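Chain by chain, the residues:
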Amino acid sequence: MSMSLPATKFPTELKEIKYEIEDHARAFGLDFFKVIFEVLDYRELNEVAAYAGFPCRYPHWRFGMEYDRLSKSHTYGLSKIYEMVINNDPCYAYLLKCNNLVDQKLVMAHVYAHCDFFKNNCYFSHTNRKMVDEMANHATRIQRYVDRYGMDQVESFIDCCLSLENLVDPHWPAIRRNQKDKEGKKAGPFTVAQSSRPECACPQGEKEDAQRACSACRGGKAEEPDFFPEDDDEMIQPRRLESKGYMDAYINPPEFLKARAEKLKAKQKEKDRFPESPETDTLLFLVEHAPLKNWQRDVLSIIREEIYYFLPQGQTKIMNEGWATYWHSRIMTEKVLGDVEIIDYADHHSGTVGGSRLHLNPYKLGMELFRDIEERWNKGRFGKEFDECEDAALRERWDLGLGLGQEKLFEVRRLYNDLTFLDTFLTEDFCRRRKFFIFAREDKKPTWTIRTREYAKVKELILTRLTNLGHPIIRVLEGNFENRGELLLGHQHEGVDLQWNLAQDTLVNLHRLWKRAVHIETNKEGKKVRLSFNGKEMQTADLK
């Protein structure tokens, strides 16, 4: 599904401003792809925003729902989209036609900083830089499935896939835990059942006589590997020491041999586990092993690819917006603004970095942290000597005149994401100066109260919400649970229980893909439990 934008000529006045701001951005050291600006009215910009910035996406009802939400928010004055930019080479950015000239300047400066971040931050290095074309290809492929299998069937399957979009490995692009072409990769029970072509397992070039040739070499049906052999226990025997008959009970004690056999069986069971180790990328596991039709496997792969494209934007929201706000502030106030534009700029900039009673503003927090880093590295407020200084007055006056602030800023922009950024640079001094605190409602009262200003607890709360983007950490433990081809997941409990209704809905949709019973082990109210869905009913079992 694509949208057609009118071929509006880019205004000459804006073109001159664009070139000016681009020159200033490069002079400050920003490095970005070519940026193409489009000027749209609010309806067209809402259409683009509904597609997450892309002009062409696959057909699905959620895009129309998002467009309706954005349109109503604009009409009722609840929100307004000033700009939008997408990670691509070249970068595409959209300007709102009704913005005044000061806003257009601010947005352009903001966009160039975003493009610099997209190009240089290591968490974006794996992303497809031709994603505009790739999104169009995805739309074409899914539209073909719609034409062949019907809109209802394809859309229903996409709904199922999207409900599992957080079951991915946020570190997969940097840490390939499961190489597809890894030698000796264990196949799942479904994989063999789906295989239709026999393969020869004989060594290349080996001369075999007729008695030793395998069935595939003789043109017969290849023997399928037995995933569930019945004589495993007979094959696993501990090594016995040589001894004479009358000494055997002493040299090879039955109790020792039995214990050793149990250990070997446990080790063999661990070795034969499928998958061999827990897998965090549940969607990849489903793509490779779930009994899906070819078109379903392709659609699930498309959804997974797009999830990994957008993932770095979630991982770097505070840094990305803070970086763009920091640079648009410098470019505007130091280079671009005229005298008569200062008041308008201050009004709009203050709206961008304004605080909120209910959540942290990523624009403000990111910008303030970058400014703090610049000041600290300019004045040498880092290292062992500064950290060990306990004199508050001396710490405030500390200034070694190092001038390393700008160099440090570009290093941070390149290497960090939100979690590591705040873990490293959210200091106690910063929290105290900005008056951070944790607040909550009083029990059975409508009033909000400050719970604590303690630095360690404030930082812990912020980092907890950033870990795995605030989603529970779920891993595939077994794909052949209890030797029945059932799927067992494990929840890494971090002190917060799963929302039970959402966990049940997730198991229902996983069952639609796996076709057999699905289980998840977790903690609920301090007890270890297993939630299961067999296609008909939910069951909960207590575990020891």
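Whatever comes next refers back to the structure up there.
Note that the coordinates shown come from a computational prediction; the quantities given were computed from them, not determined experimentally.

Thresholds applied
Residues numbered from 1 in each chain as written. Predicted model: local features only at pLDDT ≥ 70, side-chain atom pairs only at ≥ 80, totals over all residues. Heavy atoms only, no water. Helix = DSSP H or I, 4+ residues; strand = E, 2+ residues; numbered from the N terminus. Buried < 20%, exposed > 50% of the residue type's maximum accessible area, 1.4 Å probe, protein only. Contact = heavy atoms within 4.5 Å. Areas by Shrake-Rupley, 256 points an atom, 1.4 Å probe, with all protein chains shown as cover. Pairing = 2+ DSSP bridges. Phe/Tyr/Trp six-rings, centres within 6.5 Å; stacked < 30°, edge-to-face > 60°. Lys NZ or Arg CZ within 6 Å of the ring centre and 35° of its normal. Expected span 1.5 Å × (residues − 1). Bend = angle between axes of the 7 residues up to and from the residue. Axes fitted to C-alpha atoms, helices over the stretch in contact; angles between N-to-C directions. Salt bridge = Lys/Arg side-chain N within 4 Å of Asp/Glu carboxyl O. Patch = residues over 30% accessible without salt bridge, like charges linked within 9 Å, V, L, I, M, F, W, Y side chains within 5 Å. Core = buried A, V, L, I, M, F, W, Y, C linked by side-chain atoms within 4.5 Å.

> I keep staring at the overall build of the chain and nothing clicks. Help me out?
Secondary structure summary: the chain contains 22 helices and 10 strands in total. For the chain, buried positions account for 44% of its 544 residues. Long-range contacts, defined here as pairs at least 24 residues apart, represent 69% of the contacts in the chain between residues at least 6 apart. As displayed, the chain has an accessible area near 31,000 Å², and 50% of this comes from carbon and sulfur atoms.

> I'm lost on the pairing of strand 9 (residues 527–533) in this one. Help?
Every other side chain in a regular strand lies on the same face of the sheet, so the side chains alternate between the two faces. The element strand 9 is largely enclosed, with a buried count of five among its seven residues. Inspection of the sheet shows strand 8 (residues 518–524) paired to strand 9 by seven bridges, in the antiparallel sense. Across the sheet, residue Asn 523 finds its bridge partner in strand 9, namely Lys 528. Between strand 8 and strand 9, which follow one another and run antiparallel, lie two residues, and Glu 525 among them has a positive phi close to 55°. Across five bridges, strand 9 lies against strand 10 (residues 538–542) in antiparallel orientation. Residue pairing across strands places Ser 532 opposite Gln 539, the latter belonging to strand 10.

> I would appreciate a short explanation of the packing of aromatic side chains in the present structure.
To describe a pair of aromatic rings, you give the distance between the ring centres and the angle between the ring planes. One pass over the structure, following the stated rule, counts 29 aromatic pairs. Each ring, one from Phe 386 and one from Trp 398, has its centre 5.2 Å from the other, and the planes form 80°; the classification is edge-to-face. Taken together, the residues Phe 386 in helix 16 (residues 384–388) and Trp 398 in the loop between helix 17 (392–397) and helix 18 (405–415) connect sequence positions 12 residues apart. In this structure, Phe 386 and Trp 398 share a single accessibility class: buried. Residue placement shows Lys 524 over the ring face of Trp 500; its charged tip is 4.2 Å from the ring centre.

> Before we go on, may I ask you to explain unusual backbone geometry in this structure?
Across the junction of Asp 89 and Pro 90, the peptide omega takes the value 5°, indicating a cis bond. Mapped onto the secondary structure, Pro 90 falls in the loop between strand 2 (83–86) and strand 3 (91–96). With phi around 60°, Ala 52 is a residue other than glycine that occupies positive phi space. Mapped onto the fold, Ala 52 is located in the loop between helix 2 (42–50) and helix 3 (61–75). With phi around 75°, Lys 515 is a residue other than glycine that occupies positive phi space. Considering the arrangement of structural elements, one finds Lys 515 in the loop between helix 22 (500–514) and strand 8. Judged by relative accessible area, Lys 515 falls into the partly exposed class, the value being 44%.

> Is there a simple way to explain helix 12 (residues 294–315) in this structure?
It helps to recall that an α-helix has 3.6 residues per turn; residues three or four apart then point in one direction. Between its terminal C-alpha atoms helix 12 stretches 32 Å, which fits the 32 Å expected from 22 residues at 1.5 Å a residue. Taken as a whole, helix 12 carries its principal kink of about 30° at Tyr 309; the proline Pro 312 stands between one and four residues after it. Most of helix 12 sits out of view: 16 of its 22 residues are buried.

> Please explain the sheet that holds strand 6 (residues 473–481) as it appears in this structure.
Paired through backbone hydrogen bonds, the strands of a sheet run either parallel or antiparallel to each other. Pairing within the open sheet is mixed, and its five strands lie in the order 6-7-8-9-10. If you trace the sheet from one side to the other, it starts and ends with strand 6 and strand 10, each paired once. Strand after strand, the sheet turns through a mean of 25° between neighbouring axes, direction not considered. As judged from the six bridges shared by strand 6 and strand 7 (residues 486–492), these two strands associate in the antiparallel manner. Counterpart to Ile 474 in the pairing with strand 7 is His 491. Docked against the sheet, helix 11 (residues 282–289) engages strand 6 and strand 7, running at close to 25° with respect to strand 6.

> Mind showing me how you'd approach the pairing of strand 3 here?
In terms of residue burial, strand 3 counts as a mostly covered element, since five of its six residues are buried. Relative to strand 3, strand 1 (residues 35–40) is paired through six bridges, and the arrangement is parallel. Residue pairing in the sheet places Phe 37 in a bridge with Ala 93 of strand 3. Examined bridge by bridge, strand 2 and strand 3 share four bridges and lie antiparallel to one another. The residue of strand 3 that forms the bridge with Met 84 is Tyr 94. Counting the residues in the hairpin turn of strand 2 and strand 3 gives four residues.

> Help me understand the pattern of salt bridges in this model?
Side chains that carry opposite charge are capable of pairing whenever their charged atoms lie near each other. All told, the structure shown has 27 salt bridges when counted by the stated rule. A salt bridge links Asp 281 to Arg 304; the shortest N-O distance between them is 2.7 Å. Here Asp 281, found in the loop between helix 10 (254–271) and helix 11, pairs with Arg 304, found in helix 12; they are 23 residues apart in sequence, far enough to count as distant. Judged by relative accessible area, which is 5%, Asp 281 ranks as buried. Between Lys 459 and Asp 423 there is a salt bridge, with the nearest N and O atoms lying 3.8 Å from each other. Here Lys 459 is found in helix 21 (residues 455–466), whereas its partner Asp 423 is found in helix 19 (residues 418–425), with 36 residues between them in sequence. Under the relative-accessibility criterion, Lys 459 is labelled buried at 13%.

> Looking at this structure, how should I read a nonpolar patch on the surface?
Taken together, the side chains of Leu 358, Phe 437, Phe 439, Trp 448 and Ile 450 define a hydrophobic patch exposed on the protein surface, amounting to about 490 Å² of accessible area. Assignment of secondary structure puts Trp 448 in strand 5 (residues 448–452).

> Would you take a moment to explain the nonpolar core for this structure?
A general feature of soluble globular proteins is that nonpolar side chains tend to end up buried together. Core analysis: the largest hydrophobic core is formed by 61 residues, its most contacted members being Val 35, Phe 37, Trp 323, Phe 421 and Leu 422. For Phe 37, the residues in contact, after removing those within four places along its chain, are Phe 10, Lys 18, Ala 93, Leu 95, Met 108, Val 111 and Tyr 112. Judged by nonpolar contacts, the second largest core, of 48 residues, contains Val 146, Val 476, Leu 489 and Ile 520.

> Looking at this structure, I do not really get the environment of Arg 453. What am I missing?
Within the fold, Arg 453 resides in the loop between strand 5 and helix 21. Expressed as a C-alpha distance, the spacing of Arg 453 and Cys 431, which sit 22 residues apart in the sequence, is 9.0 Å. The residues touching Arg 453, leaving out its near neighbours within four places in the chain, are Lys 435, Phe 436, Phe 437 and Val 458.

> Honestly, helix 21 in this entry has me stumped. Any pointers?
With 12 residues, helix 21 should reach 16 Å at 1.5 Å per residue; the first-to-last C-alpha distance of 17 Å fits that figure. For helix 21, the secondary structure elements touched by its buried residues are helix 19, strand 4 (438–441) and strand 5. Positioned one or two residues after helix 21, Asn 468 has a phi angle of 55°, which is positive.

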